Amino acid sequence: MASPQEKQPAVAVPVAPPVDGLQAGLQYLSVVDQLLVHQQIECAELLSGCEFQNKYLMKNTMGQVVYYATEDSEFCDRQCCGPSRPFLMHINDGSGAEVFTLRRPLKCMWTCCYCCLQEITVEASGIMLGIVRQRHTAFPFSPLKLEICDPQGQVQLVLKAPCCPCACCADVPFPYFSVDETVQVGDIRKQWTGCARETFTDADNFSVTFPMDMDPRTKATLIGALFLIDYMFFEYNQNNS
């Protein structure tokens, strides 16, 4: 749920060393091993029952805002398609410059059909950084897995959803593993935000952890996975709740 972005106080964030082929905003990911993603509550949405475009603050572990994420989608898609809606998610730095974008096509959810498997692509300045795609399973009720892929579609990591992605008064972890699924590399975690917020809004908080030396492009792709998880599991259409 989104509220207009408020002006944030200027903060001093670590300066990232140059990484060949990456713009400055994306290079910041090379010096962090965790980001916190806080969805903003939109009061007009709570009062009207209409779905607004989501907005998020992305912070480092010191609470400093390092990125802003803003959904770009059509009004009819938000009201009619709910959490399945297609969108562009713009990730901007503090100066308003776009760092990278997430592109999600319209696909039905909760089906084992190949044509409806969820995916999101991550791009920066028109260059593909990575792809997140749902892995096909033979059984409809098998635990969901997401493949974290490079621009060529080669699987780099495998993210596993819990059998029941909900928990009362507790965080919900989505660990991701090496390609052979034997070594846990990090996780994406939906954080418990309290009974009132969980009951009356779909504004969620997340965290994502990754090895410090992971390629910034892969970190950006994992951020894409975080947003796909939000829409697949925790974005509820207020008209139906």
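Residues numbered from 1 in each chain as written. Predicted model: local features only at pLDDT ≥ 70, side-chain atom pairs only at ≥ 80, totals over all residues. Heavy atoms only, no water.

**Focus: the packing of aromatic side chains**
Going by this rule: Under the pairing criterion, centres of Phe, Tyr and Trp rings, with the six-membered ring standing for Trp, must be within 6.5 Å; the plane angle then separates stacked pairs below 30 degrees from edge-to-face pairs above 60, leaving the rest tilted. In DSSP terms, a helix is any run of H or I states spanning at least four residues, a strand is any run of E spanning at least two, and both are numbered starting from the N terminus. We call a residue buried when its accessible area falls under 20% of the maximum for its residue type, exposed when it is over 50%, and partly exposed in between, using a 1.4 Å probe and counting protein chains only.
A complete count under the given rule lists eight aromatic pairs for this structure. Consider the rings of Tyr56 and Phe227, whose centres lie 4.8 Å apart with planes at 85°: the pair is edge-to-face. You can see Tyr56 sitting in strand β2 (residues 55-59) and its partner Phe227 sitting in helix α5 (residues 216-234), a full 171 residues away along the chain. Neither residue differs from the other here; Tyr56 and Phe227 are each classed as buried. Through pairs of rings, three or more aromatic residues link up here, namely Phe174, Phe206, Phe233 and Phe234.

**Side note on unusual backbone geometry**
Backbone geometry places Ser125, a non-glycine residue, at a positive phi of 55°. Of note, Ser125 is situated in the loop between β6 (119-124) and β7 (127-134). By relative accessible area, which is 65% here, Ser125 ends up exposed. Positive phi, close to 65°, is recorded for Glu181, a residue that is not glycine. By secondary structure assignment, the location of Glu181 is in the loop between β10 (172-177) and β11 (184-191).

**Regarding the pairing of strand β12 (residues 205-209)**
Worth spelling out the cut-off: For two strands to be treated as a pair, DSSP must find at least two bridges joining them.
Extensive coverage of β12 is indicated by the burial of four of its five residues. Pairing geometry for strand β1 (residues 34-39) and β12, over five bridges, is antiparallel. By the bridge assignment, Leu35 is partnered in β12 with Val208. Looking at chain direction, β11 and β12 are connected through five bridges and run antiparallel. Within the sheet, the bridge partner assigned to Gln191 lies in β12 and is Asn205.

**Section: the side chain of Ser178**
Put simply, the test is: Contacts are residue-level and defined by heavy atoms, with any inter-residue pair within 4.5 Å sufficient.
By the element assignment, Ser178 lies in the loop between β10 and β11. Residues in contact with Ser178, not counting those within four places in the same chain, are Leu157, Val158, Val183 and Val185.

**Let's talk about the nonpolar core**
Formally: To form a nonpolar core, buried Ala, Val, Leu, Ile, Met, Phe, Trp, Tyr and Cys residues must be joined to one another through side-chain atoms within 4.5 Å.
Counting 49 residues, the largest nonpolar core has Phe100 and Phe227 as its most contacted members. Considering every element that reaches this core, the biggest residue donor is α5, with 12 residues. Phe227 has contacts with Val37, Tyr56, Met58, Ala69, Met89, Ile91 and Leu102, leaving out every residue within four places of it along the chain.

**Focus on the sheet that holds β11**
Across a sheet, paired strands are connected by hydrogen bonds in the backbone, their directions being either parallel or antiparallel. Formally: Every angle, taken between N-to-C directions, lies between 0 and 180 degrees, and every axis is a line fitted to C-alpha atoms, over only the stretch in contact when it is a helix.
Around the barrel, which closes on itself, the 12 strands sit in the order β1-β2-β3-β4-β5-β6-β7-β8-β9-β10-β11-β12 with antiparallel pairing between neighbours. In this sheet, adjacent strand axes meet at a mean angle of 20° when their direction is disregarded. Strand contacts of α5: β1, β2, β3 (65-72), β4 (87-92), β5 (98-104), β6, β7, β8 (145-149), β9 (155-160), β10, β11 and β12, with the helix running at about 40° to β7, the strand carrying the most contacts.

**Re α5**
Test applied: To estimate how far a helix should extend, the number of its residues minus one is multiplied by 1.5 Å. What qualifies as a polar contact is a pair of N or O atoms within 3.5 Å, subject to a donor-acceptor requirement within protein and to the restriction that residues adjacent in sequence count only when both atoms come from side chains.
Here α5 is 19 residues long and its end C-alpha atoms lie 26 Å apart, about the 27 Å a rise of 1.5 Å per residue gives. Of all 19 residues that make up α5, 18 are buried, and the element is covered over most of its length. Here α5 starts with a cap whose side-chain oxygen sits 2.7 Å from the backbone nitrogen of Arg217, and that cap is Asp215.

**Re the confidence of the model for the protein chain**
Interpreting fine coordinate detail is not advised for predicted regions of low pLDDT. Selection criterion: Per residue, pLDDT captures the predictor's confidence, and it can take any value from 0 to 100.
The predicted model of the protein chain averages 84 in pLDDT, with 80% of residues at 70 or higher. Low pLDDT, under 50, characterises residues 1-7; the stretch is placed with 25 contacts to residues that sit more than four places away or in other chains.

**A word on the pairing of β7**
Pairing of β6 with β7, which is carried by six bridges, proceeds in the antiparallel orientation. Note on β7: the bridge partner recorded for Val122 is Gly130.

**Looking at the environment of Met128**
In this structure, Met128 sits in strand β7. C-alpha separation for the pair Met128 and Arg217, spaced 89 residues apart in sequence, amounts to 9.2 Å. When near neighbours in sequence (up to four residues on either side) are disregarded, Met128 contacts Thr121, Val122, Glu123 and Pro151.

**Concerning the pattern of salt bridges**
This is how the line gets drawn: Salt bridges are defined as contacts in which a side-chain nitrogen from Lys or Arg sits within 4 Å of a carboxyl oxygen from Asp or Glu.
In this structure the tally under the stated criterion is 13 salt bridges. A salt bridge links Arg133 to Glu147; the shortest N-O distance between them is 2.7 Å. Of this pair, Arg133 sits in strand β7 while Glu147 sits in strand β8; the two residues are 14 residues apart in sequence, bridging distant segments of the chain. The partner of Asp204 in a salt bridge is Lys190, with the nearest N and O atoms 3.7 Å apart. Of this pair, Asp204 sits in the loop between α4 (195-200) and β12 while Lys190 sits in strand β11, and the two are 14 residues apart along the sequence.

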